[in-house]
Amino acid sequence: MKKLTGLLLLLSLFTVTVFAQSADQKAVAKQIEALRKAMLAGDRAALTNLTLPDLHYAHSMDVIQTRSGFVDSLATKTWTFSKIIITKQEIYVSGNTATVTHRLYGDIKNVGRDAAKTALGVMQVWKKVNGKWLLLARSAYKLMPPNDVPPAQ
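Note that this is a predicted model, so its numbers are computed, not measured. (Residues numbered from 1 in each chain as written. Predicted model: local features only at pLDDT ≥ 70, side-chain atom pairs only at ≥ 80, totals over all residues. Heavy atoms only, no water.)

**Student:** I tried to follow the environment of S60 on my own but got confused; where do I start?
**Tutor:** Inspection of the secondary structure assignment puts S60 in the loop between β1 (51–58) and β2 (64–65). A residue is classified by how much of its surface remains accessible, and S60, at 25% relative accessible area, is partly exposed. The sequence separation of S60 and Y141 amounts to 81 residues, and the corresponding C-alpha distance is 4.5 Å. Sequence-distant contacts of S60, that is, excluding residues within four places in its chain, are made with L120, A140, Y141 and K142. (Helix = DSSP H or I, 4+ residues; strand = E, 2+ residues; numbered from the N terminus. Buried < 20%, exposed > 50% of the residue type's maximum accessible area, 1.4 Å probe, protein only. Contact = heavy atoms within 4.5 Å.)

This is the structure in structure tokens:
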């Protein structure tokens, strides 16, 4: 019985360690959620405040934008999201740099095109500047079947 209790205690500690997020990971996750909401709203001020001036934003369709291009395209409704779902997010922090990977499923509309579904793998780099996590780089690639199907909502 003591061995079973000890084993269960060890497993529960392992589980807590695996799923515990550091304060920095939680702060980055909060910024990612703020970015998701700002992208949905096309909120120029929020998009600017969440990104660094040196931002490189690489789209899955072989377009790379600077911060001004990224912010302008959303703020002027050149492209709009009506839905963004993020899944399988993993955040790794090393000093003042964080890398994030996740899947993004959404509904998007580009000016002059029909609304469409999008399913992307995304990798982001966040940098901690004056205590605040800001997006430095982002790259996306199209997910292939069967991973291109969004989770049931």
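**Student:** Mind showing me how you'd approach the pattern of salt bridges here?
**Tutor:** When the charged atoms of two side chains with opposite charge come close together, those side chains can pair. By the definition in use, this model includes 6 salt bridges. A salt bridge links E33 to K37; the nearest nitrogen and oxygen atoms lie 4.0 Å apart. Of this pair, E33 and K37 both sit in helix α2 (residues 23–41), 4 residues apart, roughly one helical turn. In this structure, K83 and D107 form a salt bridge, with 3.9 Å as the shortest nitrogen-oxygen distance. Remark: D107 occurs in strand β4 (residues 97–110) and K83 occurs in strand β3 (residues 79–94); sequence separation between them is 24 residues. Residue K83 is classed as partly exposed on the basis of its relative accessible area of 37%. (Salt bridge = Lys/Arg side-chain N within 4 Å of Asp/Glu carboxyl O.)

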